[in-house]
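Structural features, examined
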Amino acid sequence: MPKEDCKYWDKCYQQNPAHLSKYNHPKKQEEHEVDGAEGKKVAPKRSASSQSGEKEKGEQTEPVDKDKSNTSASSTEMVNEETAKGSYEAETEELHKEAMSNISGKNYMEILEKRIRLSVQKEYDNLCESNEFIRHKFLVEMPPDFYEFWKFVGSLKIDPSKPKDAGLEHLDKVFQLQLVGPFEFLAGKFHGAKLGEPGDYLRHWRFYYDPPEFQTIFVRRGTGIHYGYWRDVPQDKENLLIARNDSAKGCEFQFVAGNAFDAFLYYLEHDFAATPFSSGQLAVTKKAVPKYLSDNSLELAQLDRLQRERNKRVVAKTFHRAGIVVPFDQKTEVGYRPLAVSDSELKKMLAMLDRKDVDNGAAKQAVLEKLQPVANAANIAVDESDFGSALELGIDMFCSGHKELHMLASSLLVPAYSMLSRPQFIAIAKAHMEQRSREVNLSIFEVLK
């Protein structure tokens, strides 16, 4: 069926497909066609059906009112917009009805939250497929000797039909030694585990006095005795010292080894009491260590060398006695300045918090008043690029063990670690002080039960 010509013809500016399919319109190139003889524009020709229609109306076409034309076109556009809007709203309503029918009457937000959890769980499961999990959850990377020690544990004479965490169970059963933290990831304990908050992973086996620089890997079951890697910088993953602490005795740490193998031997020698039933296995295991190292041609860093090198960079011992390391320019003496008081004077100030004959609130206020000038001096030191001063005082406040001083400790540690470009330690310190515990079973798996 032939289309009718649009009554607005070349003045029509509608782009509606429905309109264009129903009515004829002039082609654009025709609009500027020029008559060669007289140099005048030739009006676009209409179809025969249109011309005959005009003759039936009396040979003359009524002049087009420009205003009416614009009004009509605008009205048509408004109708089209309303139609599109109505279509969108109808589609949205339909999608909503479909969504509501899919959840079988359950709360929509609950379903949405469930889907989000499933997405997060999938991401977590993917993360568990590589050692990237350790860096992502614990904010550090492990040194080569860590992975070699794990291989050694797997080489011990254990039933090969048992799962890959059998080595952990063997050391725990025979030597009361728990391999924890990142070792538990290698053993597959985090695979399929219930998800925790970020802080839960940072607190995993973090004992009461553990500073951010320390990460537990060995624990004597049921006690506060634990061993771990010491990092002065979060990114350190080569030649790390291993320190030991007994949280039941206080905040002091002792460097005992330059690698996980020597730390294991130190534990067997100093923290494990053999019985007639375990003495045979103890002797066999001690011999197995050097044999494994020899068979695999492994040369590991030794404690003496690593400690000598580190001691050159230590600027202050702090209460935990392991010391802190910050960049320090020997010529300009920029990077660290001593605190306004000595360690002994600082401990005298803090001793008031331990007194039983003084009201805790009054004692806290009195101590904070005495500490304020010391803290102010440390903050001024930060402004003058001596970041080590605030780090020292913040660590001392943390090592005092008084939770009343957590806010003060945080106000010192955050700017210090920030200026030293150690943001991972900020996250670890904050997570620890949020839920600091004197318990000895500090596994995340207890928290997530």
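Structural data are supplied above this passage.
Attention in this report is confined to the structure presented alongside it. (Residues numbered from 1 in each chain as written. Predicted model: local features only at pLDDT ≥ 70, side-chain atom pairs only at ≥ 80, totals over all residues. Heavy atoms only, no water.)

Examining the overall build of the protein
Note the cut-off: Helical segments are the DSSP runs of H or I of at least four residues, strand segments are the runs of E of at least two, and each set is numbered from the N terminus. The cut-offs for exposure are 20% and 50% of the maximum accessible area for each residue type, with area from a 1.4 Å probe on protein chains only; residues under the lower value are buried, those over the upper are exposed, and the others partly exposed. Reported accessibility uses the Shrake-Rupley method at a 1.4 Å probe radius. Residues are deemed covered only where the shown protein chains occlude them.
Helices and strands together make up the secondary structure of the protein, namely 18 helices and 9 strands. For the protein, buried positions account for 41% of its 449 residues. In the structure as shown, the protein presents an accessible area of about 26,100 Å², 51% of it carried by carbon and sulfur atoms.

Let's talk about the pattern of salt bridges
As a reminder, the rule being used: By definition, a salt bridge exists where a carboxyl oxygen of Asp or Glu is found within 4 Å of a side-chain nitrogen of Lys or Arg.
Summed over all chains, the structure comprises 14 salt bridges. Of the charged contacts, one joins Arg221 and Asp172 as a salt bridge, the two residues approaching to 2.5 Å between their closest N and O atoms. Separated by 49 residues along the polypeptide, Arg221 in the loop between β4 (214-220) and β5 (225-230) and Asp172 in helix α7 (residues 166-175) bring together distant segments of the chain. Judged by its relative accessible area of 40%, Arg221 is partly exposed.

A look at the sheet that holds strand β6 (residues 241-246)
Quick note on the threshold: A pair of strands counts as paired when DSSP detects no fewer than two bridges linking them. Every axis in this analysis is a line fitted to C-alpha atoms, fitted for helices over the stretch in contact. Angles between the N-to-C directions lie between 0 and 180 degrees.
Across the sheet, which stays open at both edges, the 5 strands sit in the order β3-β4-β5-β6-β7 with antiparallel pairing between neighbours. Each edge of the open sheet is held by one strand with a lone partner, namely β3 (177-179) and β7 (254-257). On average, each strand axis in the sheet is tilted by 35° relative to the strand beside it, whichever way the strands run. Alignment of β3 against β4, held across 3 bridges, turns out to be antiparallel. Following the sheet pairing, Gln178 is matched in β4 by Val219.

Re the side chain of His226
Our working definition: The term polar contact refers here to a pair of N or O atoms within 3.5 Å; inside protein, the definition further demands a hydrogen-donor-capable atom paired with an acceptor-capable atom, and it admits residues adjacent in sequence only when both atoms are side-chain atoms. Any two residues whose heavy atoms approach within 4.5 Å at even a single point are treated as in contact.
Among the structural elements, His226 can be located in strand β5. In this structure His226 comes out as buried when scored by relative accessible area, which is 0%. Of note is the side chain of His226, whose polar atom sits 2.8 Å from the side chain of Asp210. Sequence-distant contacts of His226, defined by excluding residues within four places in its chain, comprise Phe207, Asp210, Phe214, Thr216, Phe218, Val219, Ala243, Arg244, Asn245 and Ser247.

A word on the packing of aromatic side chains
Definition in use: For Phe, Tyr and Trp, rings pair up if their centres lie within 6.5 Å, where Trp contributes its six-membered ring, and each pair is then called stacked (planes under 30 degrees apart), edge-to-face (over 60) or tilted (otherwise). Lysine NZ or arginine CZ positioned within 6 Å of the ring centre and within 35 degrees of the ring normal marks a charge as sitting over the ring.
Summed over the entire model, instances satisfying the criterion amount to 33 aromatic pairs. Each ring, one from Trp230 and one from Phe253, has its centre 5.6 Å from the other, and the planes form 65°; the classification is edge-to-face. One end of the pair, Trp230, is in strand β5; the other, Phe253, is in the loop between β6 and β7, with 23 residues separating them in the sequence. On the basis of relative accessibility, which here comes to 4%, the residue Trp230 falls in the buried class. By relative accessible area, which is 6% here, Phe253 ends up buried. The ring centre of Phe398 lies 3.9 Å from the NZ or CZ of Arg436, which sits over that ring. Here the basic side chain of Arg438 rests over the ring of Tyr208, its NZ or CZ set 3.9 Å away from the ring centre.

Concerning the packing of helix α14 (residues 360-383) against helix α16 (residues 406-419)
Relative placement of two packed helices is described by the angle separating their axes and the distance separating the axes. Let me state the cut-off plainly: Throughout this description, any angle smaller than 35 degrees is read as roughly parallel, any larger than 145 degrees as roughly antiparallel, any in the 65 to 115 degree range as roughly perpendicular, and the remainder as oblique.
Their axes nearest at 11 Å, the elements α14 and α16 cross at an angle of 10°. On the basis of the axis angle, α14 is roughly parallel to α16. Listed contacts from α16 to Leu368, Leu371, Ala375, Ala378, Asn379 and Val382 of α14 are Leu408, Ser411, Leu412 and Met419.

Some points on the pairing of β4
The buried fraction of β4 is high, at 6 of 7 residues. Here β4 pairs with β5 via 5 bridges, running antiparallel. Residue pairing for β5: Gln215 is matched across the bridge by Tyr229. Here β4 hands over to β5 after 4 residues, with Gly222 in that stretch at a positive phi of 75°.

Digging into the state of the cysteines
Our working definition: Disulfides are defined in this document as cysteine sulfur pairs within 2.5 Å.
Throughout the structure, instances matching the rule amount to 0 disulfides. With no disulfide of its own, Cys251 has Cys399 as its nearest cysteine by sulfur position, at a separation of 4.5 Å. With a relative accessible area of 13%, Cys251 lands in the buried category.

A few points about the environment of Glu269
Relative to the helices and strands, Glu269 is located in helix α10 (residues 260-270). Residues Glu269 and Lys286 lie 17 residues apart in sequence; the distance between their C-alpha atoms is 9.5 Å.

Some thoughts on helix α13 (residues 343-351)
Three or four residues apart is the spacing at which side chains of an α-helix point the same way, because the helix has 3.6 residues per turn. As a reminder, the rule being used: The arc refers to the directions leading from the helix axis to the C-beta atoms.
Taken together, the buried positions of α13 are occupied by Leu346, Met349 and Leu350. Buried residues of α13, seen end-on, are gathered within an arc of 95° and therefore sit on one face of the element. Against α14 and α15 (387-399) lie the buried residues of α13.

Some words on the side chain of Ser443
Residue position: Ser443 is located in the loop between α17 (423-434) and α18 (444-447). Among the polar contacts made by the side chain of Ser443, one reaches the main-chain amide nitrogen of Phe445 at a distance of 3.1 Å. In contact with Ser443, other than residues within four places in its own chain, are His204 and Trp205.

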